[in-house]
Amino acid sequence: MTLALLRRALEPAKVTVIGGSPEIDVLASQIRSGPYRGDLRVLPDVADLPSLAPADLLIAPAAVAEQALAAAAGRGCAGLLVPDGTAAEGERLRNAARAAGIRLIGPSSLGLAAPRLGFNATAVPVHLAAGSLALVAQSNSVAAGILAWAARRGIGFSGALVLGEGSDVDIADSLDHFGADPSTRTILLAIDDVADAARFLSSARAAARTKPVLVLRPPRPEPLRPALTHSALIVTSDAAHDAAFHRAGLLRVKDLDELFAAAETLARARAADAGRLAIVSNGDGLAALAAARLRQTRGGDGLSREPEIVRTAQDYQEAVGRLLADDDVDAVLALNAPLAPDDSADCARAVAEARSTASARKPVLAVWVGAGEEMSGIFAAAGIPSFATEQEAILGFQHLTRHAVLLKELMATPPVLGEGNQPDIVAAATLVDRAIEQGRNWLEPDEVAQLLTLFRIPALDLTIAADVAAAAEAARAQFEAGRTVALKIVSPDVAHKSDVGGVELDLASEHAVREAAGRMAERLRQLRPEARLTGFMVQPMAHRAKARELIAGFSVDDCFGPVIVFGRGGTAAELIADTQVALPPLDLASAESLIDRTRVSRILAAYRDVPAADRRAIAAVLAALGSIASALPQIRAMDLNPLLADAGGVVAVDARVVLEPDPARRRRPAIRPYPASWTAQWVLGGRRFFIRPMKPEDELLIGAMLARVTSEDLRLRFFAPLKSFSHAFLARLTQLDYAREMAFIAIEEESREAAGAVRLHADPGHVEAEYAILLRSDLKGIGLGRALMELIIDWARAEKVHRVHSQVLAENGPMLALCRDLGFEIALDPDDMSIRRVALDLGPSATPGRPSSDVRT
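Residues numbered from 1 in each chain as written. Predicted model: local features only at pLDDT ≥ 70, side-chain atom pairs only at ≥ 80, totals over all residues. Heavy atoms only, no water.

Draft legend 1. Representation of helix H9 (residues 237–248) in the model. The end-to-end C-alpha distance of H9, which contains twelve residues, comes to 17 Å, matching closely the 16 Å that a straight helix rising 1.5 Å per residue would cover. Inspection of H9 places Asp238, Ala239, Ala240, His241, Ala243, Ala244, Phe245 and Ala248 among the buried residues, and these make up the whole buried set. Note on H9: the residue one or two positions beyond its end, Gly249, has a positive phi of about 90°. (Helix = DSSP H or I, 4+ residues; strand = E, 2+ residues; numbered from the N terminus. Expected span 1.5 Å × (residues − 1). Buried < 20%, exposed > 50% of the residue type's maximum accessible area, 1.4 Å probe, protein only.)

This is the structure:
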């Protein structure tokens, strides 16, 4: 069902309440007591259902909800809110709602509110002002607390929705609605669980690119479970949610205090870069407290200059105005203690005046100790977030900084990787499937080495020896080359070899190898008598004195699928707790971001006599792990530990791969990976073109192509003259969520330049999708435009999109002729006679198209 129904339900012009429970009576009373400007009709009980008139929102008790849905079916009703009932009733009501074509909120929902309409159908007895915050919650109690807090602070809402148990409307629907709502400036999520990870991530990322999204999810106790890899111990459910929130660009908060501080800040302020804070105060002590708190939270960084001490309201205005104009200042924190003879309210008005007259729209935050409603009102009217303490203010400033950083990450252009040297996925899958067919839950060390080679992950050479004599013989070649060796047991029953003394290092002779093998075998018999010893692994020692010891790997979460791990390595990697996680697939930019979030990243830089480690090589390994995790769901967990990194690159010293034999338990990545199968080679007009789905790193190619499009062709494409193209503009063209959108780029093989591109953006329900196309002006007339249009239509059919549409200027005759030839319907735009609406109906049961491996001539 489309978002149009949800919009009507959340912004209802007509509401019908069906009586029958105490919860219904509370909501009916709440609506009546407010300034609701729509039509409200109350039916005393179920007997009045035959007289049910069309409504945007029905409110009914769980006991009669199915009857209400049956009566409302086909009568133009959009949504049903059920405030009572239980989770056990959720599935039954959800099925009934879908059959009736009506969106369900509840059962057991605290309610919803649309303050712009004066509509409050929540069981929270407060006045909800209209504003720019949107609240989406799964917990009734958390939602009630947030609404009450906002009412006390005078913070208004664009909308509030509590989903309840088993709602047909989910978090993804809500994010799509409020993400597109022009009245919503910031979205607050209070959630417990994510039901559909892929939909959630698509919706969250789309919303977070346009406005801050704060998410509160209480950590859950993790069940004790055996783990065969370090990565499996690190990837808890909470860690997986962290990875998902970060990847989507959401700001996670730990508790209600942090949520309130973040909401207060982001509801009123924005920052392109909020890294450097200046402090203005009428007291040294108050300024020192704020500066100390900032240094504590930012590791000694973040203060742009020493705090400035002022005495009068005029001093405040001059200081704040001067600092806002300073290029070395990103935000200003104004603090005030009630010191006679200065009037705190006059000082607050001076700060507000300084902000309103400043040419630079930088954030200003305020702490007026002991301030009453008058000062809070002054700051609220000026769009200045205000706090009770300096601690809350610094916490709010942190969220400005985090949001600025997340936006940069979301829009970052990754370095360009070559088109060739792609891993052999078929060979890798054959390797893994063969092990599973043999009844194994792991890859043998030599198979792991083959897998690493296929994905170009550097690793130490190894030899598997069946017994002690073979191990000594394998070591001889290393000794003759002047190397020492490491000897390790090979056992399918031992997850961590060091736990049973199964590793001995720096062995320098065959005698030493034989003795070490005997000791390890004896220790294994004593500590794990049931474990099988199938042989020994011989490796040359990696003598890299200045290398950093890292861990990289992945494990599979039940909700979000594979999760990449990176951090400080070693036998106690999970106890050191210097690891971070991310969702695959990873490009080099997202891999660099993952590295930056760890403490160990600081010692990857040069220090003392230690040269910097090769971060690009580390990032390439993380990207390769993302490719393995995305392409091979047969792998449940994988460790590279330790992974040694220094100026010469990286090398995996030890690796383990655990398999998932059960197809039903295999989890694909929550983020749709790059659709590599949709590639083509075309010969058109005597020129050869390579066609593939667009990548984020194509930003430079697209920018260069746009420079070779005439101003007239740009006007026909964008409906307005364009003279320059910012990074943000190009990033939005090239950074795609393949679950919702697709763009194909045509690259001229001889020049390696972009020749044209076509894109398609689907609505969240994949019912309709809008296309756009642009060619280099010197390449029109050779059939490239038609071929790209046919290709994007094939994609739409494969994605089961029902309808493809666009708008075309009436003067763009060639585009209209192409649309007509491809079967599009062409109609006038009733709102603008200079525009034509074009649409192609593909039908709900369209046949999937072919992957574009064709060669056109």
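There is more to say after this.
Draft legend 2. The arrangement of the packing of aromatic side chains in detail. Inspection of every chain in the model, using the stated rule, returns twelve aromatic pairs. A centroid spacing of 4.3 Å and a plane angle of 10° characterise the contact between Trp149 and Phe260, whose relative ring orientation is stacked. One end of the pair, Trp149, is in helix H5 (residues 140–153); the other, Phe260, is in helix H10 (residues 256–266), with 111 residues separating them in the sequence. There is no split in this pair, since Trp149 and Phe260 are both buried. Through pairs of rings, three or more aromatic residues link up here, namely Tyr316, Trp368 and Phe379. Over the ring of Tyr674 we find Lys695; its NZ or CZ atom is 5.1 Å from the centre of that ring. (Phe/Tyr/Trp six-rings, centres within 6.5 Å; stacked < 30°, edge-to-face > 60°. Lys NZ or Arg CZ within 6 Å of the ring centre and 35° of its normal.)

Draft legend 3. Region of the structure containing the pattern of salt bridges. Enumeration over the complete set of coordinates arrives at 59 salt bridges. The salt bridge involving Asp326 is made with Arg305; its shortest N-O contact spans 2.6 Å. Of this pair, Asp326 sits in the loop between helix H12 (313–324) and strand S15 (331–336) while Arg305 sits in the loop between helix H11 (284–297) and strand S14 (308–309); the two residues are 21 residues apart in sequence, bridging distant segments of the chain. Between Asp713 and Lys780 there is a salt bridge; the shortest N-O distance is 3.1 Å. Residue Asp713 is located in helix H24 (residues 711–718), and its partner Lys780 is located in the loop between strand S32 (768–775) and helix H26 (784–798); the two are separated by 67 residues in the primary sequence. (Salt bridge = Lys/Arg side-chain N within 4 Å of Asp/Glu carboxyl O.)

Draft legend 4. Inspection of helix H27 (residues 813–821) at higher detail. Among all positions in H27, only Met815, Leu816, Leu818 and Cys819 are buried. Here the buried residues of H27 occupy an arc of 160° about the axis, which is enough to place them on one side. Opposite its buried face, H27 presents the exposed residues Pro814, Arg820 and Asp821, each directed more than 90 degrees away. Each element contacted by the buried residues of H27 is listed here: S32, H26, strand S33 (803–809), strand S34 (825–829) and strand S35 (832–841). (Arc of directions from axis to C-beta. Contact = heavy atoms within 4.5 Å.)

Draft legend 5. Representation of the packing of helix H16 (residues 425–437) against helix H17 (residues 445–454). Close contact between H16 and H17 brings their axes to 10 Å; oriented N to C, the two are set at 160°. As far as their axial angle goes, H17 and H16 are roughly antiparallel. Along this stretch, H16 crosses H17, giving a crossing that reads as left-handed. When H16 is examined against H17, the residues Ala427, Ala428, Leu431 and Ala435 are found in contact with a partner set consisting of Glu447, Gln450, Leu451 and Leu454. (Axes fitted to C-alpha atoms, helices over the stretch in contact; angles between N-to-C directions. Parallel < 35°, antiparallel > 145°, perpendicular 65-115°, else oblique. Left-handed = near helix turned anticlockwise from the far one by under 90°.)

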